[in-house]
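Observations on chain architecture
Read off the chains here:
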Amino acid sequence: MTTNADADPVADEPRPRPRRRAPAGAAVLREDVTEAIRAAVFEELAAVGYARMSIEGIARRAGVGKTAVYRRWRSKLHLVLDIVSALAVQGLPAPDTGSLEGDLRLLYEVTSRALRHPVASQIIPDLQAEAARNPEIAQALQKTLREGQDGVASRILAAAVERGEVGAGLDADLALDLISGPLYWRSVVVRNGKLPKGYLGALARATAEGLKAL
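I will try to describe carefully the structure that is included in this document.

Calculation criteria
- Residues numbered from 1 in each chain as written.
- Predicted model: local features only at pLDDT ≥ 70, side-chain atom pairs only at ≥ 80, totals over all residues.
- Heavy atoms only, no water.
- Salt bridge = Lys/Arg side-chain N within 4 Å of Asp/Glu carboxyl O.
- Helix = DSSP H or I, 4+ residues; strand = E, 2+ residues; numbered from the N terminus.
- Buried < 20%, exposed > 50% of the residue type's maximum accessible area, 1.4 Å probe, protein only.
- Expected span 1.5 Å × (residues − 1).
- Bend = angle between axes of the 7 residues up to and from the residue.
- Polar contact = N/O pair within 3.5 Å; in protein donor to acceptor, adjacent residues only side chain to side chain.
- Phe/Tyr/Trp six-rings, centres within 6.5 Å; stacked < 30°, edge-to-face > 60°.
- Lys NZ or Arg CZ within 6 Å of the ring centre and 35° of its normal.
- Contact = heavy atoms within 4.5 Å.

Brief notes about the pattern of salt bridges
Scanning all chains against the criterion turns up 10 salt bridges. Between Arg-61 and Glu-44 there is a salt bridge whose closest N-O contact spans 2.2 Å. In this pair, Arg-61 sits in helix H3 (residues 55-62) while Glu-44 sits in helix H2 (residues 31-52), placing the two residues 17 residues apart along the sequence. Judged by its relative accessible area of 7%, Glu-44 falls in the buried class. In this structure, Arg-105 and Glu-109 form a salt bridge, with 2.8 Å as the shortest nitrogen-oxygen distance. Pair noted here: Arg-105 and Glu-109 are both in helix H6 (residues 100-116), with a separation of four residues, about one helical turn. For Arg-105, a relative accessible area of 35% gives the class partly exposed.

Rendered as C-alpha cells:
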C-alpha cells in the first residue's frame, strides 16, 4: 500500500496550464494597415465623392487587398460613417477652463479648425448631398455627427450646471442645438470663407448668455 509519504510530491503539485498561442498574423488587424485605409478613404472621398467611391479604389490607394478593408468594415457606408465619427470627435477637447464662456470658446476654436480643413470641407457637403438622396445615409450621418458633438457639449453643460452658471432644469436638446448650430451653419452651410476677427469669442459670449437664459 502506498502511503502519503511514499507519494511523488511533484505529481501532487498543480501542473501549469498550457499557454495559449497568440493569434496568427492573419487574425490580427494591424493598426498601420487600418490607418492607411482610413487615410485612403479621405483621399478617395475628396477625389471622386461618395457616389463614385469604391472599396476597390480605397484598397488601391491604401496599397492593400479588398479583403483587408472588408475585414474591418462590411460596406463603404459603414467605413465612411466610422471615419466621419472619428472626424466629428477628433481633437475635440474636454474643456475645463473654469467658465462656460471659456469652455465654449475652446470648443469653437478646435471645431472651427477641423471644419476648415480642406478635406473636411469637401467631404461633409458631399455626404450631405448623398444624405438628401439616401435615407439610410441621412439617418446614420445625423446620428454619427450628433453623437460626436453632443458628447463634448454635454460635458460642457454638466460642468456649467455644477458651477451654477446655468440651471439644472434647462432643456438639454435646445441647449445642445444652441451650442453646435451657429458655427456649423456658418462654416458648413453658408461657407463664406474665413471667419471675421473676434467671431468665435463673440459667439462664445452670446451662446453662454443664451444658455443662461434657458
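Structural notes on helix H9 (residues 172-190)
If you check H9, its first and last C-alpha atoms are 26 Å apart, about what 19 residues at 1.5 Å a residue would give, namely 27 Å. By the largest-angle criterion, Tyr-184 marks the main kink of H9, which is about 40°. Within the span of H9, buried status applies to Ala-175, Leu-176, Ile-179, Leu-183, Ser-187 and Val-188. Near the N-terminus of H9, the side chain that reaches the backbone nitrogen of Asp-173, with its oxygen 3.1 Å away, is that of Asp-171.

Re H6
With 17 residues, H6 ought to run about 24 Å at 1.5 Å a step, and its terminal C-alpha atoms sit 24 Å apart, in line with that. Three or more residues of H6 are buried, namely Leu-100, Asp-103, Leu-104, Leu-107, Tyr-108, Val-110, Thr-111, Ser-112 and Leu-115.

Examining the packing of aromatic side chains
Per the stated rule, a full pass over the model turns up zero aromatic pairs. Here the basic side chain of Lys-76 rests over the ring of Tyr-50, its NZ or CZ set 4.5 Å away from the ring centre.

Concerning the environment of Val-41
In this fold, Val-41 is placed in helix H2. Taking relative accessible area as the criterion, Val-41 reaches 0% and is therefore assigned buried. C-alpha of Val-41 to C-alpha of Arg-61: the two residues are 20 residues apart in sequence and 8.4 Å apart in space. Ignoring any residue separated from it by four or fewer positions in sequence, one finds Val-41 in contact with Met-53, Ile-58, Leu-79, Val-80 and Ile-83.

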